[in-house]
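Descriptive structure summary
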Amino acid sequence: RLCKEYRSTPVMVRQRQPGQVVRLPDEVYGQVTELIEGFKTEIVPCRRDDILVLGSDGLFDNLSDEEITGIIQQICSQSDGSSASS
């Protein structure tokens, strides 16, 4: 059975403006540390056979956690020939 165990909190620069990692022009390279120091790193314990879904707002703004879980269950059941249950 698949279930959501963890979801990170979006990093917001201002209200309704998410933080974004972008390619920076060479001129501002010295400012990179200052620009990204507000971002955080998190450690999430994983076990063998865990499935991690990494995506951007393009995924998570358009599909609910339940829809993502359903897609993964469908793919897993197709690949092992069984039917995954929710």
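Fair warning: this is a prediction, and the values are worked out from it, not measured in the lab.

With that out of the way, let us pick up the overall build of the protein chain. For the protein chain, the count of helices and strands is 3 helices and 2 strands. If you list the helices and strands of the protein chain from N to C, you get β-β-α-α-α. Burial status across the protein chain gives 6% buried among its 86 residues. Partitioning the contacts of the protein chain with sequence separation of at least 6, the portion at a separation of at least 24 is 39%. Accessible surface, the protein chain: about 8,100 Å² in total, of which carbon and sulfur atoms supply 50%.

Once that is clear, we can look at the confidence of the model for the protein chain. Within the protein chain, residue pLDDT values average 76, and 69% of them lie at 70 or more. Mean pLDDT across the secondary structure elements of the protein chain bottoms out at helix α1 (residues 32-36), with 61, and peaks at helix α3 (residues 65-80), with 89.

Take α3 next. Taking 1.5 Å per residue, 16 residues should reach 22 Å; α3 reaches 23 Å between its end C-alpha atoms and fits that length. D65, I68, I72, Q73 and S77 are the residues of α3 that are buried. For α3, the angular spread of the buried residues around the axis is 165°, confining them to a single face. Across α3 from its buried face, at more than 90 degrees, point the exposed residues I75 and Q78. On the buried face of α3, the contacting elements are α2 (57-60).

Let us now look at the pattern of salt bridges. This model, assessed by the stated rule, comprises 2 salt bridges. A salt bridge links D65 to K4; its shortest N-O distance comes to 2.9 Å. Remark: K4 occurs in the segment before β1 (12-14) and D65 occurs in helix α3; sequence separation between them is 61 residues. For D65, a relative accessible area of 18% gives the class buried. Residues R7 and D65 are paired through a salt bridge, measuring 2.6 Å at the closest nitrogen-oxygen approach. Of this pair, R7 sits in the segment before β1 while D65 sits in helix α3; the two residues are 58 residues apart in sequence, bridging distant segments of the chain. Residue R7 is classed as partly exposed on the basis of its relative accessible area of 38%.

Definitions and limits used
Residues numbered from 1 in each chain as written. Predicted model: local features only at pLDDT ≥ 70, side-chain atom pairs only at ≥ 80, totals over all residues. Heavy atoms only, no water. Helix = DSSP H or I, 4+ residues; strand = E, 2+ residues; numbered from the N terminus. Buried < 20%, exposed > 50% of the residue type's maximum accessible area, 1.4 Å probe, protein only. Contact = heavy atoms within 4.5 Å. Areas by Shrake-Rupley, 256 points an atom, 1.4 Å probe, with all protein chains shown as cover. pLDDT = per-residue confidence, 0-100. Expected span 1.5 Å × (residues − 1). Arc of directions from axis to C-beta. Salt bridge = Lys/Arg side-chain N within 4 Å of Asp/Glu carboxyl O.

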